[in-house]
Amino acid sequence: MRQSEARAGAALEVELLWSAAEQVGTQINTSIRVVDGAGTVIAQQDGPPARGVIPTTLFFDTPLPDRKSLLLPANLAGGRYRIDVAAYAVEGTVPQGEVQPVAWFWLGKPLNTEGAGALATWQNGLQIVGGAHIDCADV
């Protein structure tokens, strides 16, 4: 999966590659969603993979692109968000399984936790005392 840099008020460009291990018996649409920590869908785009040029009934082992553009609200608060993907049959909108989280990203400047003491503690004194910002713009 590839995605552009996340910025409030801008489009988040996401590209997934799809393939099928066996023949798909029905036309499938995908739904790519940006979701906050509470599970609220912030942005969403639905449509066929490969822009519908090749029906999913003809998908095989060769990966085919699914590009979607999700407009993030201009007032979106900084924080951690995830990208979820759902697949559903076009006819009757029957889900083809559970919604799957595929990536996480941070919007805005990450919190500086250095010097804040232990963020989490386990048995035997194992603890988290800081963190690093990981940019997943090219996951």
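Nothing here was measured: the structure is a model prediction, and the numbers come from that model.

A few points about the overall build of the protein
Within the protein, the secondary structure is distributed over zero helices and nine strands. Helices and strands in the protein line up, N terminus first, as β-β-β-β-β-β-β-β-β. In the protein, buried positions account for 30% of the 139 residues. A total of about 8700 Å² of accessible surface is found on the protein, and carbon and sulfur atoms cover 53% of it.

A short note on the pattern of salt bridges
For the coordinates displayed, the defined rule picks out three salt bridges. For arginine 82, the salt bridge is made with aspartate 84, and the minimal N-O distance between the two is 2.7 Å.

What about the sheet that holds strand E4 (residues 41-47)?
With respect to topology, four strands assemble into an open sheet ordered E4-E3-E6-E7, the strand pairing being antiparallel. In this open sheet, the two edge strands, each paired with only one partner strand, are E4 and strand E7 (100-107). The mean angle between the axes of side-by-side strands here comes to 20 degrees, regardless of whether they run parallel or antiparallel. Here strand E3 (residues 28-35) pairs with E4 via six bridges, running antiparallel. Its bridge partner lying in E4, serine 31 is registered against aspartate 46.

Considering the nonpolar core
Core analysis: the largest hydrophobic core is formed by 16 residues, its most contacted members being Leu12, Val14, Ile32, Val34, Leu72, Ile83 and Phe105. Taken together, the elements giving at least two residues each to this core come down to strand E2 (11-18), E3, strand E6 (79-89) and E7.

Description of unusual backbone geometry
Positioned with a positive phi, threonine 93 is a non-glycine residue whose angle comes to about 50 degrees. If you trace the backbone, threonine 93 turns up in the loop between E6 and E7. Threonine 93 sits in the exposed class, given a relative accessible area of 51%.

Overview of the environment of proline 65
Note that proline 65 resides in strand E5 (residues 64-71). With 16 residues separating them in the primary sequence, proline 65 and proline 49 have C-alpha atoms 6.5 Å apart.

Overview of the side chain of aspartate 66
On the secondary structure map, aspartate 66 appears in strand E5. We classify aspartate 66 as buried; its relative accessible area is 0%. Within the structure, the side chain of aspartate 66 is placed 3.0 Å from the side chain of tryptophan 18, a separation counted as a polar contact. A polar side-chain atom of aspartate 66 sits 2.4 Å from a polar atom in the side chain of lysine 68. In contact with aspartate 66, not counting residues within four places along its chain, are Val14, Glu15, Leu16, Trp18, Thr30, Ile32, Pro48, Pro49 and Ala50.

Re the packing of aromatic side chains
Aromatic rings in a pair are described by how distant their centres are and how their planes are angled relative to each other. Here the structure, examined in full by the defined rule, presents one aromatic pair. When the ring of tyrosine 81 is compared with that of phenylalanine 105, the centres are 5.8 Å apart and the planes differ by 25 degrees; the resulting orientation is stacked. With tyrosine 81 in strand E6 and phenylalanine 105 in strand E7, this pair connects stretches of sequence that are 24 residues apart. Taking the relative accessible area as the measure of exposure, phenylalanine 105 reaches 4% and is therefore buried.

Section: the environment of phenylalanine 60
Looking at where phenylalanine 60 falls in the secondary structure, it is placed in the loop between E4 and E5. Sequence-wise, phenylalanine 60 and glutamate 22 are 38 residues apart; in three dimensions their C-alpha atoms are separated by 6.6 Å. When near neighbours in sequence (up to four residues on either side) are disregarded, phenylalanine 60 contacts Ser19 and Ala20.

Criteria and thresholds
- Residues numbered from 1 in each chain as written.
- Predicted model: local features only at pLDDT ≥ 70, side-chain atom pairs only at ≥ 80, totals over all residues.
- Heavy atoms only, no water.
- Helix = DSSP H or I, 4+ residues; strand = E, 2+ residues; numbered from the N terminus.
- Buried < 20%, exposed > 50% of the residue type's maximum accessible area, 1.4 Å probe, protein only.
- Areas by Shrake-Rupley, 256 points an atom, 1.4 Å probe, with all protein chains shown as cover.
- Salt bridge = Lys/Arg side-chain N within 4 Å of Asp/Glu carboxyl O.
- Pairing = 2+ DSSP bridges.
- Axes fitted to C-alpha atoms, helices over the stretch in contact; angles between N-to-C directions.
- Core = buried A, V, L, I, M, F, W, Y, C linked by side-chain atoms within 4.5 Å.
- Polar contact = N/O pair within 3.5 Å; in protein donor to acceptor, adjacent residues only side chain to side chain.
- Contact = heavy atoms within 4.5 Å.
- Phe/Tyr/Trp six-rings, centres within 6.5 Å; stacked < 30°, edge-to-face > 60°.

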